[in-house]
Amino acid sequence: MAIREEESRKRRKMDAGGLAAFFRGIADEYSAEQLTFLCIGTDRSTGDALGPLTGSRLLEYGFPHVTGTLPAPCDADNLIQRITEIPEGQIIIAVDACLGPPAALGCYFAAAQPLRPAESVGGLLPAVGNYSLAAIVDVNSPRPYRTIQTTPLYRVMVMADQIARAAALGFGLTD
């Protein structure tokens, strides 16, 4: 997914400190049991590993329904199948890495609306999620596929940890 200027107006830009409030707002309406985190990405690309890293961390914090982890990623090849495996009635929080403008590097865009996975690399996948969180892991470039492949792993790991910890704080699973 690439965050573009017109789309960013529909989403709230925040730093790591704003993530817990985003998740608290969701927790005010739904329990962790009613949610499925759909963490999109693959461990075969450093930038795109945000989803599976986040999913694995969410499980460690005790979230009961997580699709997309390091052992079982939810990527472009299996996204549609993995969505059909989510029980009907679950509220989906889609989490994905994306590219964006330089001023947004390391920030998050949150919304009460779906996101379009793989958009930044020209993928045509369905929009997913009742809520979405797009993490700007690198700067959009003329060669987005190469950029996402060569994104620094440390940045991605830190951002995945920030998302999972904020979700756990928001839902009261940690102090």
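Conventions used here
Residues numbered from 1 in each chain as written. Predicted model: local features only at pLDDT ≥ 70, side-chain atom pairs only at ≥ 80, totals over all residues. Heavy atoms only, no water. Helix = DSSP H or I, 4+ residues; strand = E, 2+ residues; numbered from the N terminus. Expected span 1.5 Å × (residues − 1). Buried < 20%, exposed > 50% of the residue type's maximum accessible area, 1.4 Å probe, protein only. Arc of directions from axis to C-beta. Contact = heavy atoms within 4.5 Å. Polar contact = N/O pair within 3.5 Å; in protein donor to acceptor, adjacent residues only side chain to side chain. Salt bridge = Lys/Arg side-chain N within 4 Å of Asp/Glu carboxyl O. Core = buried A, V, L, I, M, F, W, Y, C linked by side-chain atoms within 4.5 Å. Pairing = 2+ DSSP bridges. Axes fitted to C-alpha atoms, helices over the stretch in contact; angles between N-to-C directions. Left-handed = near helix turned anticlockwise from the far one by under 90°. Nonpolar A, V, L, I, M, F, W, Y, C, P; charged D, E, K, R; others polar.

### Here's the deal with helix H2 (residues 16-27)
- If you check H2, its first and last C-alpha atoms are 18 Å apart, about what 12 residues at 1.5 Å a residue would give, namely 16 Å.
- Where H2 is concerned, the buried positions are Leu19, Ala20, Phe22, Phe23 and Ile26. Along the axis of H2, the buried positions cluster into a sector of 160 degrees, meaning they face one direction only.
- Among the structural elements, strand S1 (12-14), strand S2 (35-39), strand S4 (91-100), strand S5 (108-111), strand S6 (131-139) and helix H6 (153-170) are those in contact with the buried residues of H2.
- With a side-chain oxygen lying 3.0 Å from the backbone nitrogen of glycine 17, the N-terminal cap of H2 falls on aspartate 15.

### Side note on the pattern of salt bridges
- On inspection of all chains with the given rule, the structure shows 5 salt bridges.
- The partner of aspartate 75 in a salt bridge is arginine 44, and the shortest N-O contact between them spans 3.0 Å. Placement of the pair is aspartate 75 in the loop between strand S3 (66-67) and helix H4 (79-84) and arginine 44 in the loop between S2 and helix H3 (50-61), with a sequence separation of 31 residues.
- Residue classification places aspartate 75 among the buried positions, given a relative accessible area of 10%.
- A residue is classified by how much of its surface remains accessible, and arginine 44, at 60% relative accessible area, is exposed.
- The salt bridge partner of arginine 82 is glutamate 85, with a shortest N-O separation of 3.4 Å.
- Three or more residues are tied together by salt bridges with common partners; here these are Arg57, Glu60 and Asp161.

### Here's the deal with the nonpolar core
- Counting 38 residues, the largest nonpolar core has Phe23, Phe37, Leu50, Phe63 and Ile163 as its most contacted members.
- Mapped onto this core, the elements with two or more residues apiece are H2, S2, H3, S4, S5, S6 and H6.
- Per-element tally for this core: the top contributor is H6, with 8 residues.
- Those residues in contact with isoleucine 163, other than ones at most four positions away along the chain, are Leu19, Phe23, Leu50, Thr54, Val95, Tyr108, Leu133 and Ala135.
- By size, the runner-up hydrophobic cluster in this structure holds 11 residues, among which are Leu38, Ile40, Cys74 and Leu79.

### A short note on the sheet that holds S1
- Sheet architecture is open: 6 strands sit in the order S1-S5-S6-S4-S2-S3, paired in mixed fashion. The open sheet has two edge strands with one neighbour each: S1 and S3.
- Here 4 bridges tie S5 to S6, and the two strands are oriented antiparallel to one another. From the neighbouring strand, tyrosine 108 faces S6, where its bridge partner is alanine 135.

### Quick notes on the packing of H3 against H6
- Two elements in contact, H3 and H6, have axes whose closest approach is 8 Å; the angle formed by their N-to-C orientations is 35 degrees. For the pair H3 and H6, the crossing hand works out as right-handed. Note on element contacts: H6 touches H3 through Leu153, Val156, Met157, Met159, Ala160, Asp161, Ile163, Ala164, Arg165, Ala167 and Ala168, opposite Leu50, Leu53, Thr54, Arg57, Leu58 and Tyr61.
- Counted by class, the contact of H3 with H6 contains 13 nonpolar, 1 polar and 3 charged residues.

### Comments concerning the pairing of S4
- With 10 of its 10 residues buried, S4 lies for the most part within the structure.
- Burial along S4 is two-sided: the face carrying Ile91, Ile93, Val95, Ala97 and Leu99 and the face carrying Ile92, Ala94, Asp96, Cys98 and Gly100 are both buried.
- Summarising the sheet, S4 and S6 pair through 8 bridges and their orientation is parallel. Bridge pairing in S6 links alanine 94 to serine 132.

Read these as geometric descriptors, not functional statements.
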